[in-house]
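Here is what each chain is made of, one letter per residue.
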Amino acid sequence: MRTWHEIRRFPFAVRLLLVNQLGVNTGFYLLIPYLATHLGENLGLSAAAVGVVLGVRNLSQQGLFLVGGSASDRLGPRGVIIAGCALRTVGFALFALGDDLAVLLAASVLSGFAGALFNPAVRAYLAQEAGDRKAEAFALFSMFATAGALIGPLLGSALLLVDFRTSALTAAGIFAALTVAQALVLPARKTAPRTGTVLTDWREVLGNRAFLAFALAMVGMFTLENQLYLLLPDGARRATGWDGAAGLVFLVGTLANLSLQLRLTRALKERGHRARWIAAGLGLMALAFLPPALVAGGSGGPDGAAGATLRALPVLAGALLLHLGVMAAQPFVMELVPGFGRAELTGTYFGVFYVVSGIAAAVGNTVVGWAMDTGERGGAGWLPWACCALFGLASALGVAWLHRRGSLPAPSRPAVPATA
């Protein structure tokens, strides 16, 4: 009830964007986790071709966030959000209807570019509408996103009992409904006439050394958050000898996020500067990789169900600590990003921030993957866990250093939209 009361205190536009994010993640996770299997087993594509299709989608999204952010600033976030949802509708429909490699590549480009459009635009709109309650808005945003990430795979698994095309068309239908709903009821905000060029905007943002330092300091957060999909599920499977143990990692995080995110954000907001909690969250994320290291690389499998349970506990404890660290840091990170510059460039700041995060996730996963392979060959199963702990510690120290230098903006300054 308290969460519902908090939601009702926000403007209608914020509430609609929360529902939108629930739908976006439901539609996305309904399709994407099963796409590789469809391409390889149903369509008979080679592993190389599957990798190209998936890689093009990721590159189209991560590489074009800056374009989406600038479009949000120049054209207004509402239109960019609607365009992004419409493009993903087309892209997911092509996945359902196309078997040719060229069609699949077009679907990947469209669905990736769609994410590059609406992800910065949604966050810019949310920051503008939430005023001085941005931290709570982004906490709720995370909760709705988590709920969608839970519903999507469950719905996708059920629809796959029919076939992949049914699943893909359902995902496209969800995005089509979101497109129509936003076009009809998402409030429009006039954008003031702009002087200068897009390149001028980019130079201004990229010339903001404090912002770039903060974005680089957050590399650890994005790298470690990605281990929810790589290292932790692998650690759970190895520790227990049961493939289903990977699902417990997601279940622990989902329950923690839905039950604790908002109250944790509200409690921390009243106690000190946001940078303190960002650094503490990153430190907690670093600490999360120490318990799983205790059971990494153990000889032999677990001794029965009791042994598997005991070996799973350190991994699940690590997953819980990692989620708590993300929950402590992420809403305040999103709150601070718009404060580094002019409100008219909020979308561009989010776009650059997510370009950095995409590169960080790619490089970080590569390093962790190397550590996993090296540790397995050398009998040092603890190596990737120690590597992740160092990533988190370095980021926590980086944020603390920026705070001591006074390089971080005051969180109380609202990012007021330019209206006419």
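Residues numbered from 1 in each chain as written. Predicted model: local features only at pLDDT ≥ 70, side-chain atom pairs only at ≥ 80, totals over all residues. Heavy atoms only, no water.

Caption draft 1: Spotlight on the overall build of the chain. Within the chain, the regular secondary structure consists of 19 helices and zero strands. Computed over C-alpha atoms, the radius of gyration of the chain comes to 21 Å, within 12% of the 22 Å expected from 2.2 N^0.38 for 420 residues, which places it in the range of a compact globule. On the principal axes, the C-alpha backbone points of the chain span a range of 70 × 55 × 45 Å. Looking at the chain alone, contacts between residues at least 24 apart form 84% of all its contacts between residues at least 6 apart. Here the chain contributes 31 positively and 20 negatively charged side chains, and the mean placements of these two sets differ by 10 Å. (Helix = DSSP H or I, 4+ residues; strand = E, 2+ residues; numbered from the N terminus. Rg over C-alpha atoms; globule rule 2.2 N^0.38 Å. Contact = heavy atoms within 4.5 Å. Lys, Arg positive; Asp, Glu negative; His and termini not counted. Charge placed at Lys NZ, Arg CZ, Asp CG, Glu CD.)

Caption draft 2: Representation of the packing of aromatic side chains within the structure. Inspection of the entire model under this criterion finds 16 aromatic pairs. Considering the side-chain rings of F92 and F95, the 6.4 Å spacing of their centres and the 50 degrees angle between planes classify their relative orientation as tilted. Separated by three residues within a single helix, F92 and F95 lie in helix α6 (residues 77-97), roughly one turn from each other. Each member of the pair, F92 as well as F95, is classed as buried. Ring geometry for F92 versus F175: centroids 5.5 Å apart, planes at 90 degrees, classification edge-to-face. (Phe/Tyr/Trp six-rings, centres within 6.5 Å; stacked < 30°, edge-to-face > 60°. Buried < 20%, exposed > 50% of the residue type's maximum accessible area, 1.4 Å probe, protein only.)

Caption draft 3: Main features of the confidence of the model for the chain. Of all residues in the chain, 95% attain a pLDDT of 70 or more, and the chain-wide mean is 88. Here residues 412-420 scores under 50 on pLDDT; set against residues more than four positions off or in separate chains, the count is 21 contacts. (pLDDT = per-residue confidence, 0-100.)

Caption draft 4: Examining the side chain of Q261 more closely. Along the polypeptide, Q261 turns up in helix α14 (residues 245-269). The exposure class assigned to Q261 is buried, which follows from its relative accessible area of 1%. A distance of 3.0 Å separates a polar atom in the side chain of Q261 from a polar atom in the side chain of T265. For Q261, the residues in contact, after removing those within four places along its chain, are A139, S142, M143, A256, M327 and P331. (Polar contact = N/O pair within 3.5 Å; in protein donor to acceptor, adjacent residues only side chain to side chain.)

Caption draft 5: The arrangement of the nonpolar core in detail. Formed by 112 residues in total, the largest nonpolar core has its most connected members in F92, F214, M218, I278, F353 and V399. Among the elements that make up this core, the one with the highest residue count is helix α7 (residues 101-130) (12 residues). Not counting residues within four places of it along the chain, the set of residues in contact with F353 comprises F211, F214, A215, M218, F222, V333, M334 and V337. (Core = buried A, V, L, I, M, F, W, Y, C linked by side-chain atoms within 4.5 Å.)

Caption draft 6: Up close: α7. Under the 1.5 Å per step criterion, the end-to-end length of α7 is 43 Å for 30 residues, consistent within 8% with the ideal 44 Å. Burial within α7 is extensive, with 22 of its 30 residues counted as buried. With its phi angle positive at about 60 degrees, G131 sits one or two positions after the end of α7. (Expected span 1.5 Å × (residues − 1).)

Caption draft 7: Up close: the environment of A36. Among the structural elements, A36 can be located in helix α3 (residues 35-42). For A36, a relative accessible area of 32% translates into the label partly exposed. When the C-alpha atoms of A36 and L178 are compared, they prove to be 25 Å apart, with 142 residues separating the residues in sequence. Residue contacts for A36: discarding those within four places in its chain leaves V50 and L54.

Caption draft 8: Representation of the pattern of salt bridges. Per the counting criterion, the structure on display carries 11 salt bridges. Between E6 and R266 there is a salt bridge; the shortest N-O distance is 3.3 Å. Linking E6 in helix α1 (residues 2-8) with R266 in helix α14, this pair joins segments that are 260 residues apart in sequence. By relative accessible area, which is 1% here, E6 ends up buried. (Salt bridge = Lys/Arg side-chain N within 4 Å of Asp/Glu carboxyl O.)

Caption draft 9: Main features of the environment of L75. Within the secondary structure, L75 is located in helix α5 (residues 65-75). Classification of L75 as exposed rests on a relative accessible area of 68%. Residues L75 and A293 lie 218 residues apart in sequence; the distance between their C-alpha atoms is 49 Å.

Caption draft 10: Local environment of the packing of helix α2 (residues 12-31) against α6. Relative to each other, α2 and α6 sit at 20 degrees, their axes nearing to 12 Å. Here α2 is positioned roughly parallel relative to α6, judged by the angle of their axes. Judged by the sense of rotation from one axis to the other, the crossing of α2 with α6 is left-handed. On α6, the residues touching L17, N20, G27, F28 and L31 of α2 are I81, C85, R88, F92 and F95. Split by residue class, the contact of α2 with α6 holds seven nonpolar, two polar and one charged. (Axes fitted to C-alpha atoms, helices over the stretch in contact; angles between N-to-C directions. Parallel < 35°, antiparallel > 145°, perpendicular 65-115°, else oblique. Left-handed = near helix turned anticlockwise from the far one by under 90°. Nonpolar A, V, L, I, M, F, W, Y, C, P; charged D, E, K, R; others polar.)

Caption draft 11: Molecular detail of the environment of A275. Among the secondary structure elements, A275 is positioned in helix α15 (residues 274-287). We classify A275 as buried; its relative accessible area is 2%. In this structure A275 touches V399, H403 and L408, once residues within four positions along its chain are discounted.

Caption draft 12: Spatial organisation of the packing of α6 against α7. Put simply, α6 and α7 touch, their axes get as near as 7 Å, and they point 155 degrees apart. Our classification of the angle between α6 and α7 gives roughly antiparallel. Considering how the two elements wind past one another, α6 and α7 form a crossing that is left-handed. For the contact of α6 with α7, the per-class residue count stands at 22 nonpolar, six polar and two charged.

Caption draft 13: Looking closely at the side chain of N119. Within the secondary structure layout, N119 lies in helix α7. Setting aside chain neighbours within four positions, we find N119 in contact with Q61 and F65.

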